[in-house]
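What follows is the residue order along each chain.
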Amino acid sequence: MTTILFSHEAALNHVNPPGHPERVARLEAILGALDAPEFSTLLRREAPRAEASEVLRCHPQVHLDRIEALAPERGFVSLDPDTYLSPGSLEAAFRAVGAAGAAVDAVLKGHAANAFVAMRPPGHHAEREKAMGFCLFGNVAIAAKRALDYHGLQRVAVLDFDVHHGNGTQDLLWDEARAFFASSHQMPLYPGSGHPSERGVHGQVMNVPLSPGTGGAEMRAAWEGILDRAREFQPELVLVSAGFDAHRDDPLAGLMWTESDFAWVTGAICDLAEETCAGRVVSCLEGGYDLDALAASVAAHVRVLMERGG
């Protein structure tokens, strides 16, 4: 057993306007870091293009139609002040969904112990009928629904350590009793959601706001509580929204995590998975906007996945 990296060059063709923090260089930095000799045994797979039916597991046809209709042949189309389409965006978004689904398939079929999806655009802010926060489709939520409805699992956990609340994932899984969703995130901060009172239709949503300046010790205490709740849920698969913008060097937020904190939370999530679901973890890239911090943090994350993957 080992770790699979899913990516595709199409993710480099999703281009945002100059100066936008969610830029092509993010993925270039990540792939550069994962080209180091220590990652030579990492299995590498091209992300397949998802069928429209995969997107429709979570989003209505009207949302998909709108994104497809607005996709430009040249230049940019603004969906909101933060979220843009370029000529390569639609292909990249379909392959981001496809990568998450293929990672679920590979792990559940026993082809790998765990997987990391290095794709963009990210997904955890995309709501049912609203692209926002750099996100077009809810990649991780769609992958969770694939695990439940295609593979027939009964319980899936989605754990989000991005510095911003995963409002989209929460919205897409709000009434899904088979999915436990937990998010730690800075508050106050975009998108303004994620209060502990937001608990889902079935009480299966857990939000843990963190104050600006929160460092590793407070983060670890918070995540111990999240993981205790997740253990009670007894997931058969753990999905991760892996955002690395809680790093102390990130320009978009004010938490004070370091690479060692990302390694710790990755290990703790793997502990949960080993206890409940034979170590099955699928992690998908979300945020992280300082290139050096992003590259180092992803390397720390994948390093732990590989160690646990055997």
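Everything discussed here concerns the structure shown above.
Caption draft 1: Geometry of the sheet that holds strand 10 (residues 281-285). Sheet architecture is open: eight strands sit in the order 2-1-5-10-9-6-7-8, paired in parallel fashion. Two strands close off the open sheet at either side, each with one partner strand: strand 2 (43-46) and strand 8 (205-210). Here the strands of the sheet are splayed against their neighbours by 15° on average, with no regard to which way each runs. With five bridges connecting them, strand 9 (residues 238-242) and strand 10 associate as parallel partners. Across the sheet, residue Val238 finds its bridge partner in strand 10, namely Val281. Sheet strands touched by helix 9 (residues 291-309): strand 1 (3-7), strand 5 (114-117), strand 9 and strand 10. Its angle to strand 5, the strand with the most contacts, is close to 160°.

Caption draft 2: Region of the structure containing helix 9. Compared with the 27 Å implied by 1.5 Å per residue over 19 residues, the 26 Å span of helix 9 between its first and last C-alpha is a close match. A positive backbone phi angle near 90° is found at Gly310, which sits one or two residues after helix 9.

Caption draft 3: Structural detail: the packing of helix 4 (residues 89-108) against helix 5 (residues 139-149). One way to put it is that helix 4 packs onto helix 5 with a least axis distance of 9 Å and a crossing angle of 40°. In terms of their interaxial angle, helix 4 and helix 5 are classed as oblique. Relative to helix 5, the crossing made by helix 4 is right-handed. Mapping the contact onto sequence places Ala93, Ala96, Val97, Ala100, Gly101, Val104, Asp105 and Leu108 in helix 4 and Asn139, Ile142, Ala143, Arg146 and Ala147 in helix 5. Tallied by class, the residues present in the contact of helix 4 with helix 5 amount to nine nonpolar, two polar and two charged.

Caption draft 4: Inspection of the packing of aromatic side chains at higher detail. Per the stated rule, a full pass over the model turns up nine aromatic pairs. Arranged with centres 5.9 Å apart and planes meeting at 50°, the rings of Phe161 and Phe262 form a pair that is tilted. Highlighted residues: Phe161 in the loop between strand 6 (156-160) and helix 6 (167-172) and Phe262 in helix 8 (residues 259-276), separated in sequence by 101 residues. Residue Phe161 is classed as buried on the basis of its relative accessible area, which comes to 0%. The buried category is assigned to Phe262, whose relative accessible area is 0%. Here the aromatic cluster, defined as three or more aromatic residues joined through ring pairs, consists of Phe161, Trp223, Phe244, Trp257 and Phe262. The cationic tip of Arg49 hangs over the ring face of Phe94; the distance from NZ or CZ to the ring centre is 4.3 Å.

Caption draft 5: Just unusual backbone geometry, in detail. At the junction of Arg120 and Pro121, the peptide bond is cis and its omega measures out at 5° in the coordinates. Here Pro121 is to be found in the loop between strand 5 and helix 5. At the junction of Tyr190 and Pro191, the peptide bond is cis and its omega measures out at 5° in the coordinates. Examined against the element boundaries, Pro191 turns out to sit in the loop between strand 7 (179-186) and strand 8. If you check the backbone angles, Phe134 has positive phi at about 75° while not being a glycine. When you line up the elements, Phe134 lands in the loop between strand 5 and helix 5. Under the relative-accessibility criterion, Phe134 is labelled buried at 12%. Backbone geometry places Gln234, a non-glycine residue, at a positive phi of 55°.

What counts, and where the lines are drawn
- Residues numbered from 1 in each chain as written.
- Predicted model: local features only at pLDDT ≥ 70, side-chain atom pairs only at ≥ 80, totals over all residues.
- Heavy atoms only, no water.
- Pairing = 2+ DSSP bridges.
- Helix = DSSP H or I, 4+ residues; strand = E, 2+ residues; numbered from the N terminus.
- Axes fitted to C-alpha atoms, helices over the stretch in contact; angles between N-to-C directions.
- Contact = heavy atoms within 4.5 Å.
- Expected span 1.5 Å × (residues − 1).
- Parallel < 35°, antiparallel > 145°, perpendicular 65-115°, else oblique.
- Left-handed = near helix turned anticlockwise from the far one by under 90°.
- Nonpolar A, V, L, I, M, F, W, Y, C, P; charged D, E, K, R; others polar.
- Phe/Tyr/Trp six-rings, centres within 6.5 Å; stacked < 30°, edge-to-face > 60°.
- Buried < 20%, exposed > 50% of the residue type's maximum accessible area, 1.4 Å probe, protein only.
- Lys NZ or Arg CZ within 6 Å of the ring centre and 35° of its normal.

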